[in-house]
Amino acid sequence: MLGLFGTLNLGARSLSTQQQGTEIAGQNLANVNNPAYARQRLALQTSISIPSPVGPQGTGVESVAIVQIRSYWLDQQIQSETSVTGSLNAQQIALQTIQANLGEQIDTQATTSDSTGSQKGLSQGLSNLFNAFQSVSLDPSSLSERQVLIQTAQGLTSQFNQLSNRLDTVGASLDQSVQSDVGQSNQLLADIAKLNQQIIYSEASSGGVANDLRDSRQAKIESLSKLVNITTADQPNGGLDVSIGGVTMVSGVSQLDSLETYDAGGGQILVRAQTAGTPLTLTGGSIQGTIDVRDGALADLKNSTNNLAAQLISQVNSIYSAGYDLNGATGQNFFIGTDAATIGVNPDLLDDPSKFQASDAAGEAGNNATVLALAQLANGKIAALNNQTFSQSYSTSVAKLGQTIANVNDQVDNHTVVSNMLSSQRDSISGVSIDEEMTDLMKYQKAFEASARLITVVSDMLDTVVNMK
């Protein structure tokens, strides 16, 4: 039998256990608003039984571990989904930046075959140019009409120049975003290696699980997943290996490699493993999402804009150079430059509108053949523009960007729903419930009071025995 002293020890163990349970419930409540925290529970078991005349008799309760309530499968799913969502969010932000710099009202419900563009920005500038050609054709000898035409053309070339400059600026900002994300990724890799070291030491020295450190490491893992897609592997000693693009970055307590950006040629900034020098094929995260937009939608828009400007220069100059101005001169070009960045109006025309070559014969001030042919270019199908007019070609480029934005927006919405569902599932398992913890506090409190009462009773019994005569 336990006897009075054995029962006293039983009560003491119970007091200690209930106190520990109260402390853990308090830890859970303290972290109720900590998104990285997974709730903890005190694992209990009965103390070792001792033989008695009536059979094995229990000696109370003892705590064996502080257990973290966490689903490994859900953690892996959230980690994977975070990488996808990080990529999509980066694409969405980059595409919205391009749209803002384009200066067009984009119909995100349009298809790439739609030829209706917005009535602002470059689209309106093209329309204004051909309308100005038409106005001069009605009165080819009018210097005021010629001046309006030249100013309209200059406005269009400025729009091309500004658009080219803006798109280059967007590209540079996306490169900076990649470099910033790479820096954050390297810091997270270093933090994970440090946490591995702390977890391995803590668990080896205490024999338990370093729950709070593991929470911190999981938060770092998910932050890293948002930036770049990773794979992880658990080690028996509590460490965690991290790989990116097939290259091991962290192994246990050591950070074996890190990320760096490099110029892949032509100013194209990509990512590779710094020590191994291996170019990385990234499949998710904001880094890859930013690169996808930069080398996809942005590059396509820049190429189409440059091609549009080049064809406008070529087509207009091929007709214009054969015309004659009011002084009988010929052979000049209307536009200078080769692409959207360099297109401009012939400086000679800015100073003297009489030099505009509107006719197809010398000495005929009222001849409008050349400028009329220029006006008719508005409806001409250009082979180099996929047999589209200038306006149709630009509208198609804008519509293509709009469709890309719409697709990404849809994907962001879909994956946001999935992410929220996974987070809700994890919260239902790992999240702290105030009601549940308050209930546990009351249970531990009552058990503590009962254990204290048991000790008081046994103490009184001991006094009785000691004072017996």
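The structure presented is a predicted model; accordingly, all values stated were derived computationally and were not measured.

Q: Break down the pattern of salt bridges for me, with residues and values.
A: Within the structure shown, the criterion is met by 17 salt bridges. Ionic pairing is found between D440 and R41, a salt bridge with its closest N-O pair at 3.5 Å. Here the residue D440 occupies a position in helix α10 (residues 434-466), and R41 occupies one in strand β1 (residues 40-46), the gap between them amounting to 399 residues. Pair check on accessibility: D440 and R41 agree, each one buried.

Q: Give a description of the nonpolar core that names residues and reports values.
A: Side chains that are nonpolar tend, in soluble globular proteins, to be buried together. Grouped together as the largest cluster of nonpolar side chains are 52 residues, with contacts concentrated most on I98, F133, F160, L312, F334, F335 and F356. Every residue in contact with F133, bar those within four places of it in the chain, is listed here: L149, V316, F334, F356, V371, L374 and A375.

Q: Describe in detail the side chain of S430, supporting the description with residues and values.
A: Here S430 shows up in helix α9 (residues 390-430). Dropping the residues within four chain positions of it, S430 is found in contact with Y37, A38, R39, I69, R70 and S71.

Q: Pulling in residues and values, what's your account of helix α4 (residues 143-206)?
A: Over its 64 residues, α4 extends 93 Å from the first C-alpha to the last, a length consistent with the 94 Å expected when each residue adds 1.5 Å. At the exit of α4 stands G207, carrying a positive phi of roughly 80 degrees.

Q: So, the packing of aromatic side chains: which residues are in play, and what are the values?
A: Summed over all chains, the structure comprises seven aromatic pairs. Seen in terms of ring centroids, F334 and F356 are 5.8 Å apart; in terms of plane orientation they differ by 80 degrees. Their pairing is edge-to-face. Within this pair, whereas F334 is found in the loop between α6 (285-320) and β9 (335-336), its partner F356 is found in the loop between α7 (347-351) and α8 (369-376), the two being separated by 22 residues in sequence. Note on F356: relative accessible area 0%, which makes it buried. Through pairs of rings, three or more aromatic residues link up here, namely F130, F133, Y320, F334, F335, F356 and F390.

Q: Mind laying out the packing of α6 against α9, listing which residues take part and the relevant values?
A: In the contact formed by α6 and α9, the axes pass within 10 Å of each other and the chain directions differ by 175 degrees. Here α9 runs roughly antiparallel to α6, going by the angle between their axes. Residues A297, D300, L301, S304, L308, Q311, L312 and Q315 of α6 form the contact with α9, whose participating residues are F390, S393, Y394, S397, K400, L401 and T404. Across the contact of α6 with α9, the residue classes break down as seven nonpolar, six polar and two charged.

Criteria and thresholds
Residues numbered from 1 in each chain as written. Predicted model: local features only at pLDDT ≥ 70, side-chain atom pairs only at ≥ 80, totals over all residues. Heavy atoms only, no water. Salt bridge = Lys/Arg side-chain N within 4 Å of Asp/Glu carboxyl O. Helix = DSSP H or I, 4+ residues; strand = E, 2+ residues; numbered from the N terminus. Buried < 20%, exposed > 50% of the residue type's maximum accessible area, 1.4 Å probe, protein only. Core = buried A, V, L, I, M, F, W, Y, C linked by side-chain atoms within 4.5 Å. Contact = heavy atoms within 4.5 Å. Expected span 1.5 Å × (residues − 1). Phe/Tyr/Trp six-rings, centres within 6.5 Å; stacked < 30°, edge-to-face > 60°. Axes fitted to C-alpha atoms, helices over the stretch in contact; angles between N-to-C directions. Parallel < 35°, antiparallel > 145°, perpendicular 65-115°, else oblique. Nonpolar A, V, L, I, M, F, W, Y, C, P; charged D, E, K, R; others polar.

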